[in-house]
Amino acid sequence: MPSIRACIFDLDGVIVDTAKYHFIAWRRLANELGFDFNEEDNEKLKGVSRVDSLNLILKWGGVQLTDVEKTEWAAKKNEWYLEYVKQMPASEILEGVLPFLEDLQANNIKIVLGSASKNATTILKQIGIIDMFDAIIDGTKTTKGKPDPQVFQLGAKAVNVSPNECIVFEDAEKGVQAANAGGFHSIGVGSPEVLSHADYVISGFENLTPADIFQKIATESV
Ligand code: B16
Ligand code: MG
């Protein structure tokens, strides 16, 4: 197995739990348009771009909007979302993530962000870890959403590493599919039922070291 030279992290649901803020803001949009949706539906929005999420939600509510109206509602939702995100303290970084990143840095393994979010740099600055990243690929730099592997391919290219030398950490099924489609090692972060296509699934980074993960990956590829 080639050695691992980079780790690519999804943002929402892997580094920080912003899904709850997306949910509150999308639900407010739905409610203002006269319908509601639940947390189970919200699962289907993980890793999905803003515009695709809006289209899905409108479909659930049976609401049709013009393109201009869609742009306006998407902007409103983002304003509401940012109101929450801009108050987020560094303590919202998920348990174990910081020591994991520090361990990677100490071992000269590149740290890359691969997120669908157009708010990724705002969030990384807000929680004070933007300088830990060697490259940031987010929704402002991609033209194809997950499950297309583009976001991770651009990430690997930015640090000059090939996919089979990279591990992708993802909480969304579509993100795992994207990683697999691009020939990356995939680690699902969350529940094994949802992330069954990942090479290996972890519940989070608490008490986990990069060495533990590298060992799992090596075992999987035997
Ligand atoms: P924004 P990830 C994704 O981030 C979220 O999971 C998804 O719920 C969201 O709609 C998408 O970013 C776009 O976010 O509205 O901030 O551009 O999980 O790929 O880091
Ligand atoms: Mg995610």
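Residues numbered from 1 in each chain as written. Chains lettered and ligands numbered in written order. Predicted model: local features only at pLDDT ≥ 70, side-chain atom pairs only at ≥ 80, totals over all residues. Heavy atoms only, no water.

Caption draft 1: Structural view of the site of ligand 1. Neighbouring ligand 1 are 17 residues, the closest being Val 48, Ser 115, Ser 117, Lys 118 and Asn 119. Taking Leu 45, its main chain carries an N or O atom lying 3.1 Å from an oxygen atom of ligand 1. Within the contact set of ligand 1, an oxygen atom lies 2.8 Å away from a side-chain nitrogen or oxygen of Arg 50. About the coverage of ligand 1: the protein hides 98% of its 470 Å² of free accessible area. In terms of residue class, the shell around ligand 1 is made up of five nonpolar, six polar and six charged. Here the shell around ligand 1 gathers at least three residues from each of two domains, domain 1 (6-16 + 92-221) and domain 2 (19-85). (Near = heavy atom within 4 Å. Polar contact = N/O pair within 3.5 Å; in protein donor to acceptor, adjacent residues only side chain to side chain. Areas by Shrake-Rupley, 256 points an atom, 1.4 Å probe, with all protein chains shown as cover. Nonpolar A, V, L, I, M, F, W, Y, C, P; charged D, E, K, R; others polar. Domains from an automatic or database assignment.)

Caption draft 2: A look at the nonpolar core. Among the nonpolar cores identified, the biggest contains 51 residues, and Phe 9, Ile 15, Phe 169 and Phe 205 are the most heavily contacted of them. Take this core: its biggest share by element is six residues, from helix H1 (residues 19-32). Both domain 1 (6-16 + 92-221) and domain 2 (19-85) contribute no fewer than three residues apiece to this core. Sequence-distant contacts of Ile 15, defined by excluding residues within four places in its chain, comprise Phe 9, Asp 10, Glu 92, Ile 93, Leu 94, Val 97, Leu 113, Ile 127, Ile 129 and Phe 133. (Core = buried A, V, L, I, M, F, W, Y, C linked by side-chain atoms within 4.5 Å. Buried < 20%, exposed > 50% of the residue type's maximum accessible area, 1.4 Å probe, protein only. Helix = DSSP H or I, 4+ residues; strand = E, 2+ residues; numbered from the N terminus. Contact = heavy atoms within 4.5 Å.)

Caption draft 3: Spotlight on the pairing of strand E5 (residues 185-189). Burial of E5 is extensive: five of the five residues sit out of reach of the surface. Alternating residues of E5 divide into His 185, Ile 187 and Val 189 and Ser 186 and Gly 188, and every residue in both groups is buried. Pairing of strand E4 (residues 166-170) with E5 involves four bridges; the strand directions are parallel. Its bridge partner being in E5, Glu 170 is matched across the sheet by Gly 188. (Pairing = 2+ DSSP bridges.)

Caption draft 4: Here's a closer look at helix H9 (residues 210-220). Those residues of H9 that sit buried are Pro 210, Ile 213 and Ile 217. Relative to the axis of H9, the buried residues are bounded by an arc of 65 degrees and lie together on one face. Opposite the buried face of H9, at more than 90 degrees from it, the exposed residues are Ala 211, Gln 215 and Thr 219. Elements in contact with the buried residues of H9: helix H5 (97-106), E4, E5 and strand E6 (200-202). (Arc of directions from axis to C-beta.)

Caption draft 5: View of the environment of Val 68. As for its placement among the helices and strands, Val 68 is situated in helix H4 (residues 67-85). Between the C-alpha atoms of Val 68 and Asp 131, which are 63 residues apart in sequence, the distance is 37 Å.

Caption draft 6: Spotlight on the pattern of salt bridges. Evaluation of the coordinates by the stated rule reveals eight salt bridges. The closest approach of N and O atoms between Asp 10 and Lys 146, which form a salt bridge, is 2.9 Å. One end of the pair, Asp 10, is in the loop between strand E1 (6-9) and H1; the other, Lys 146, is in the loop between strand E3 (135-137) and helix H7 (150-158), and 136 residues separate them in sequence. Taken together, the shared-partner salt bridges connect Asp 10, Lys 146 and Glu 170 into one network. (Salt bridge = Lys/Arg side-chain N within 4 Å of Asp/Glu carboxyl O.)

Caption draft 7: Looking closely at the domain arrangement of the protein. For the protein, the assigned domains are domain 1 (6-16 + 92-221) and domain 2 (19-85). Placing a centre on the C-alpha atoms of domain 1 and another on those of domain 2 gives a separation of 25 Å. Tallying the contact residues gives twelve residues for domain 1 and eleven residues for domain 2. Summed over both partners, the interface of domain 1 with domain 2 buries about 990 Å², with 49% contributed by carbon and sulfur atoms. Looking only at domain 1, the three residues that lose the most surface to domain 2 are Asp 12, Glu 92 and Asn 119, adding up to 36% of its buried area. Counting across the domain 1 and domain 2 interface gives one salt bridge. A salt bridge links Glu 92 to Lys 20; the nearest nitrogen and oxygen atoms lie 3.4 Å apart. Here domain 1 and domain 2 share four residue pairs in polar contact (both at pLDDT 80 or more) between them. Counting residues per element, the side of domain 1 that touches domain 2 draws most heavily on helix H6 (residues 120-126), which supplies three residues. The class makeup of the residues in the side of domain 1 that touches domain 2 is three nonpolar, three polar and six charged. (Buried area = accessible area lost by both parts, 1.4 Å probe.)

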